[in-house]
Each structure stands twice: as C-alpha cells, then as structure tokens.
Amino acid sequence: AFERSWSLVTAPRLGCENDSIRSLVFRGARAGQRVTLFDAADGDTRSPYTVIEVLQDIPWHAPQTVASLQANADSPYLRLRAFNGGPLDGRVSRIAVEPSTR
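### Remarks on the pairing of strand β3 (residues 34-38)
Then, number 1: Burial analysis of β3 places four of its five residues in the buried class, which makes it a mostly covered element.
Then, number 2: One ladder, built from five bridges, connects β3 with strand β4 (residues 49-54); its direction is antiparallel. Bridge pairing links V35 to I52 in β4.
Then, number 3: Bridge analysis of β3 against strand β8 (residues 94-98) gives five bridges, and the strand direction is antiparallel. If you follow T36 over to β8, its bridge partner there is A96.

This is the structure:
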C-alpha cells in the first residue's frame, strides 16, 4: 500500500513545483485509493481542496487523465470532488495519497 503526503512548498517536491499542477494522469492505481490536493501547504481543509477517488483499477497501459481541477467530474474510473469553493488549477500546494481500503 502506498501512502504519502507532501508539501509542494518545501523540499523535496518530487518533481512538482508549488502552484503548478493543473492536471493529473493516473496509471496503475487501485480501486479505493484517494488523492487529495490542497490549496494550503499544511493540508488545512478550511481552504479549498479536491479529493479524487479511484473507482476501479486503472491498468498501467490504460492511463486515465484528469484534464482540469476546475470542477467536479465523474468517469468510470475516477470521481473528482472539490470542497470549500474555488478551483484548484494552478493552486495545489500539498498532495496526500491514501491506499485502498478494499
């Protein structure tokens, strides 16, 4: 199980600079995993944040793209929900990945 949380404001940024994420590609993700993208670098949920849930396994050879973090979206593979107003395109300062609970 993969679980990690990191700030894009402080090192190590793992190849993601603060406030530059506008889209994501998922591959090799397992049903039940969750990725939360935060406007606040400390993960404060009083600021805007977005939760992306993996609804079914995403094969490595069939990546699924989240083209924008601007609005709620659904696909057979992913559910994206924004909370506390405001779009996150270009405003992501923290990422948290939670493993599948299934």
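Back to the write-up after that little detour.
### Quick look at the environment of I58
Then, number 1: Structurally, I58 can be placed in the loop between β4 and β5 (64-66).
Then, number 2: Its relative accessible area of 2% is what places I58 among the buried residues.
Then, number 3: Each C-alpha atom of the pair I58 and L78 lies 9.2 Å from the other, and the pair is 20 residues apart in sequence.
Then, number 4: Among residues more than four places away in sequence, those in contact with I58 are F26, R27, G28, A29, P63, Q64, Y77 and L78.

### Notes on the pattern of salt bridges
Then, number 1: Scanning all chains against the criterion turns up seven salt bridges.
Then, number 2: Put simply, R91 and D39 hold a salt bridge, and the shortest N to O gap is 2.8 Å. Remark: D39 occurs in the loop between β3 and β4 and R91 occurs in the loop between β7 (78-83) and β8; sequence separation between them is 52 residues.
Then, number 3: Close ionic contact of R46 with D44 constitutes a salt bridge, the shortest N to O distance being 2.8 Å.
Then, number 4: On the basis of relative accessibility, which here comes to 72%, the residue R46 falls in the exposed class.

Rules of the game
- Residues numbered from 1 in each chain as written.
- Predicted model: local features only at pLDDT ≥ 70, side-chain atom pairs only at ≥ 80, totals over all residues.
- Heavy atoms only, no water.
- Buried < 20%, exposed > 50% of the residue type's maximum accessible area, 1.4 Å probe, protein only.
- Helix = DSSP H or I, 4+ residues; strand = E, 2+ residues; numbered from the N terminus.
- Pairing = 2+ DSSP bridges.
- Contact = heavy atoms within 4.5 Å.
- Salt bridge = Lys/Arg side-chain N within 4 Å of Asp/Glu carboxyl O.

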